[in-house]
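# Inside the fold
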Amino acid sequence: MAASDVKLLGGWASPFVIRPRIALNLKNIDYEFLEEPLGTKSELLLKSNPVYKKIPVMIHNDKPICESLIIVQYIDEAFTSGPSILPSDPYDRSVARFWGAYIDDKWFSSLLATLKAKTEEEKKTAIEGVSTGIELLEEAFEKISKGKDFFGGDTVGYIDIALGANLAWVRVVEKLNGVELLDETKTPNLYAWSEKFCSVPAVKDLIPETDKLLEFAKTLIAKWSAAPQ
Ligand SMILES: N[C@@H](CCC(=O)N[C@@H](CS)C(=O)NCC(=O)O)C(=O)O
């Protein structure tokens, strides 16, 4: 659907950028993707997100919207085509927002810390943080999905997008550290969910290929370890 002018400033490897892209696909909205190459910030990005200067930024009819989960909520409200992303019940909506905030504020910090760790001890603590989060999310999935395929029920919803956009990075962290984070035995429901999520048509072409992302991650890690303390 090309009813309005939508641009998305982003980068292929960013889990935050994958979120609005999934939401736009679910709503069947055409958009122009403007890639911000690593290490550069376009004038348009600086002008559109002067507070954080980060991707993603969605520009809808010349108006910028920043912060990935806020953009996903905006897409859900602004475009009525396709399935609802947030639940209609206010309590269920608050639960979805709670887990979205948990994923970003707590769990993602551990995931990132595995890549930025300077010592083996720091890395071990970070990996434990990711694993603990996955166990909590396994329990949450059992309650929220009520036996259906997704956190959102029969279709991909807000928590699916918030968490699922990070799956390729989880695989990269697993490969880099020789560990299983999404374990078929320990977290069977979340493991099955991840397989289903990645095969959804609105999602599947957006999840970066693990080996390509692994090379990108190695470049980032080298850059971070060369940066002054
Ligand atoms: N909380 C933000 C995080 C966005 C974010 O961290 N974006 C990264 C790319 S993955 C970025 O733009 N980094 C560039 C920088 O920090 O200067 C969101 O959800 O959109």
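Each chain has its residues counted from 1, following the order in which its sequence is written. Thresholds applied to this predicted model are a pLDDT of at least 70 for local features of residues and 80 or more for the giving and counting of side-chain atom pairs; totals over whole chains, interfaces and linings are not thresholded and use all residues. The side-chain figures draw on all heavy atoms in the structure; neither hydrogens nor water molecules are used.

### So, the site of the ligand
Residues are labelled near a given molecule or strand when at least one of their non-hydrogen atoms is within 4 Å of it. Around the ligand, the surrounding shell consists of Ser-14, Phe-16, Lys-41, Lys-54, Ile-55, Pro-56, Glu-67 and Ser-68. Identification of polar contacts relies on pairs of N or O atoms within 3.5 Å, with a donor-acceptor requirement for protein atoms, meaning one able to donate a hydrogen and the other able to accept it, and with residues adjacent in sequence counted only if both atoms are side-chain atoms. A distance of 2.8 Å separates a nitrogen atom of the ligand from a polar atom in the backbone of Ile-55. A distance of 2.8 Å separates a nitrogen atom of the ligand from a polar side-chain atom of Glu-67. The protein chains shown are the only cover counted for residues, whose accessible areas, like all others here, come from Shrake-Rupley with a 1.4 Å probe. The protein chains hide 68% of the 510 Å² of surface that the ligand would expose on its own. We call Asp, Glu, Lys and Arg charged. Ala, Val, Leu, Ile, Met, Phe, Trp, Tyr, Cys and Pro are nonpolar, and the rest, Gly among them, are polar. In terms of residue class, the shell around the ligand is made up of 3 nonpolar, 2 polar and 3 charged.

### Remarks on the UniProt feature "domain: GST N-terminal" (unreviewed entry) in the protein chain
UniProt positions are given in the numbering used here, feature names are shortened, and annotations may be inferred rather than shown by experiment. Taking the numbering used here, the UniProt-annotated feature "domain: GST N-terminal" (unreviewed entry) corresponds to residues 4-83. Elements are defined by DSSP. Helices are runs of H or I of four residues or more, strands are runs of E of two residues or more, and each kind is numbered from the N terminus. End C-alpha to end C-alpha, residues 4-83 measures 19 Å, and it is 36% helix and 21% strand.

### Digging into the pairing of strand E1 (residues 6-10)
The side chains of a regular strand alternate, residue by residue, between the two faces of the sheet. We call a residue buried when its accessible area falls under 20% of the maximum for its residue type, exposed when it is over 50%, and partly exposed in between, using a 1.4 Å probe and counting protein chains only. Burial analysis of E1 places 4 of its 5 residues in the buried class, the great majority of the element. For two strands to be treated as a pair, DSSP must find no fewer than two bridges joining them. As judged from the 4 bridges shared by E1 and strand E3 (residues 57-60), these two strands associate in the antiparallel manner. Considered in E3, the bridge of Leu-9 is made with Val-57. Taken together, the 4 bridges between E1 and strand E2 (residues 32-35) define a ladder with parallel strand orientation. Bridge pairing in E2 links Lys-7 to Glu-32. Once you follow E1 into helix H1 (residues 15-26) and on to E2, the crossover reads as right-handed. Orienting the strands away from the viewer, one traces the path from the first strand over the helix to the second; a clockwise path indicates a right-handed crossover.

### Side note on the nonpolar core
Side chains of a nonpolar character, in soluble globular proteins, are inclined to be buried together. Met-58, Trp-107, Trp-169, Leu-190, Trp-193 and Phe-197 are the most contacted members of the largest nonpolar core, which totals 64 residues. With 8 residues, helix H4 (residues 90-116) is the single largest residue contributor to this core. The residues that make up this core include at least three from each of domain 1 (3-78) and domain 2 (90-223). Whether two residues are in contact is decided by their heavy atoms, any of which lying within 4.5 Å being enough. Those residues in contact with Trp-107 that lie beyond four places of it in its chain are Tyr-102, Gly-129, Val-130, Gly-133, Ile-134, Leu-163, Asn-166 and Val-170. By size, the runner-up hydrophobic cluster in this structure holds 5 residues, among which are Leu-9, Val-57, Ile-59 and Cys-66. Among buried residues, the Ala, Val, Leu, Ile, Met, Phe, Trp, Tyr and Cys ones that are joined through side-chain atoms within 4.5 Å form a nonpolar core. Note that domain bounds follow an automatic or database assignment of domains.

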